[in-house]
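An overview of the molecular structure
This is what each chain is made of:
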Amino acid sequence: DTINNSFAGIFKTADKGSSVVISPTQALGNNVSSETSPITDEMLARVRQVPGVAKASGVIFTTATFLNLHGKRLTSTNAPAFVGSPQPEPFKSFFPVKGRYATTADEVALDQATVERANLKLGQQIEIAAKAPVKRYTIVGILKFASGQSFGGAGTALLTLAEARRITGEVGRYDEIDVAASSGF
């Protein structure tokens, strides 16, 4: 129960500001191979045109592996690591406590717990592996989760949107779309 309550709190904070979250459909069954319909830039543009939508933002938040420069994982074997990109208000759930968000493809902002656990500092480098080959990034920001609550031992690395899409194999796609409704909807 404690773990479930912790993750419920994490997701409630992460979805703060979202009236609706659009996620891909997935067809499953005996006669269907697992297939997910992608969320594209075109779909995001269509959502933004829907009456009552005040703001919509495409989200990348996909698992990856964080490594030090000696190839050692920076998160525990049981906790996931996620790659994403900064979100605009009202969807923002990670904020820099030191430094800033990444502004180039070679920069990363990491969550504070991962930085402390691995004894990292601004200006040091880490490697991130996902669907694209491992790449080295310079730490330019240290992030705090909005509620101040632990992110359940998971690590989070925020890259530029283009770089997050590239390393996760999501070029031209999103994992979900966060939508904020206009007042009165």
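Everything below is about the structure shown above.
Residues numbered from 1 in each chain as written. Predicted model: local features only at pLDDT ≥ 70, side-chain atom pairs only at ≥ 80, totals over all residues. Heavy atoms only, no water.

**As for the overall build of the chain**
Of the regular secondary structure elements, the chain holds 4 helices and 14 strands. Relative to its full complement of 185 residues, the chain shows a buried share of 38%. Taking the intrachain contacts of the chain between residues at least 6 apart in sequence as the baseline, contacts between residues at least 24 apart amount to 74%. Per element, the accessible surface of the chain, about 10,000 Å² overall, is 53% carbon and sulfur. (Helix = DSSP H or I, 4+ residues; strand = E, 2+ residues; numbered from the N terminus. Buried < 20%, exposed > 50% of the residue type's maximum accessible area, 1.4 Å probe, protein only. Contact = heavy atoms within 4.5 Å. Areas by Shrake-Rupley, 256 points an atom, 1.4 Å probe, with all protein chains shown as cover.)

**Some details on the pattern of salt bridges**
In this structure the tally under the stated criterion is 7 salt bridges. Two residues, Arg166 and Glu163, come together in a salt bridge whose shortest N-O distance is 2.7 Å. One end of the pair is Arg166 and the other is Glu163, both in helix H4 (residues 161-168) and 3 residues apart, which spans about a single turn. Using a relative accessible area of 33% as the deciding quantity, one classes Arg166 as partly exposed. We note a salt bridge from Glu170 to Arg173, for which the minimum N-O separation is 3.5 Å. Owing to a relative accessible area of 12%, Glu170 belongs among the buried residues under this scheme. Given the relative accessible area of 30%, Arg173 is considered partly exposed. Connected through shared salt-bridge partners, Asp106, Lys135, Glu163 and Arg166 make up one network. (Salt bridge = Lys/Arg side-chain N within 4 Å of Asp/Glu carboxyl O.)

**A closer look at the pairing of strand S9 (residues 107-111)**
The buried fraction of S9 amounts to 5 of the 5 residues, a majority that puts the element mostly inside the structure. Sheet topology places S9 next to strand S12 (residues 155-158); 2 bridges connect them, and they run antiparallel. Bridge pairing in S12 links Leu110 to Ala157. (Pairing = 2+ DSSP bridges.)

**Some thoughts on the environment of Val83**
Looking at where Val83 falls in the secondary structure, it is placed in strand S7 (residues 81-84). For Val83, a relative accessible area of 0% puts it in the buried group. C-alpha of Val83 to C-alpha of Leu159: the two residues are 76 residues apart in sequence and 7.2 Å apart in space. In contact with Val83, other than residues within four places in its own chain, are Ile60, Phe61, Thr62, Ala64, Phe66, Ile128, Ala157, Leu159, Ala164, Ile167 and Thr168.

**Concerning H4**
Those residues of H4 that sit buried are Glu163, Ala164, Arg165, Ile167 and Thr168. Against the buried residues of H4 lie helix H2 (41-48), strand S6 (61-67), S7, strand S10 (125-129), strand S11 (135-145) and strand S13 (173-174).

**Details of the sheet that holds strand S5 (residues 53-59)**
Pairing within the open sheet is antiparallel, and its 3 strands lie in the order S1-S14-S5. This sheet does not close on itself; its edge strands, each paired only once, are strand S1 (20-22) and S5. Geometrically, the sheet is characterised by an average inter-axis angle of 20° between neighbouring strands, direction not taken into account. As defined by bridge partners, S5 adjoins strand S14 (residues 176-181) across 6 bridges and the pair is classed as antiparallel. (Axes fitted to C-alpha atoms, helices over the stretch in contact; angles between N-to-C directions.)

**Some details on the packing of aromatic side chains**
Inspection of the entire model under this criterion finds 2 aromatic pairs. On the numbers, 4.7 Å between centres and 15° between planes, the contact of Phe61 with Phe82 is stacked. Note that Phe61 is positioned in strand S6 and Phe82 in strand S7, a separation of 21 residues in sequence. For the pair Phe94 and Phe145, a centre-to-centre distance of 5.2 Å together with 50° between the ring planes defines the contact as tilted. With Phe94 in strand S8 (residues 94-99) and Phe145 in strand S11, the pair connects residues that are 51 residues apart, well separated along the chain. For Phe94, a relative accessible area of 8% corresponds to the buried category. (Phe/Tyr/Trp six-rings, centres within 6.5 Å; stacked < 30°, edge-to-face > 60°.)

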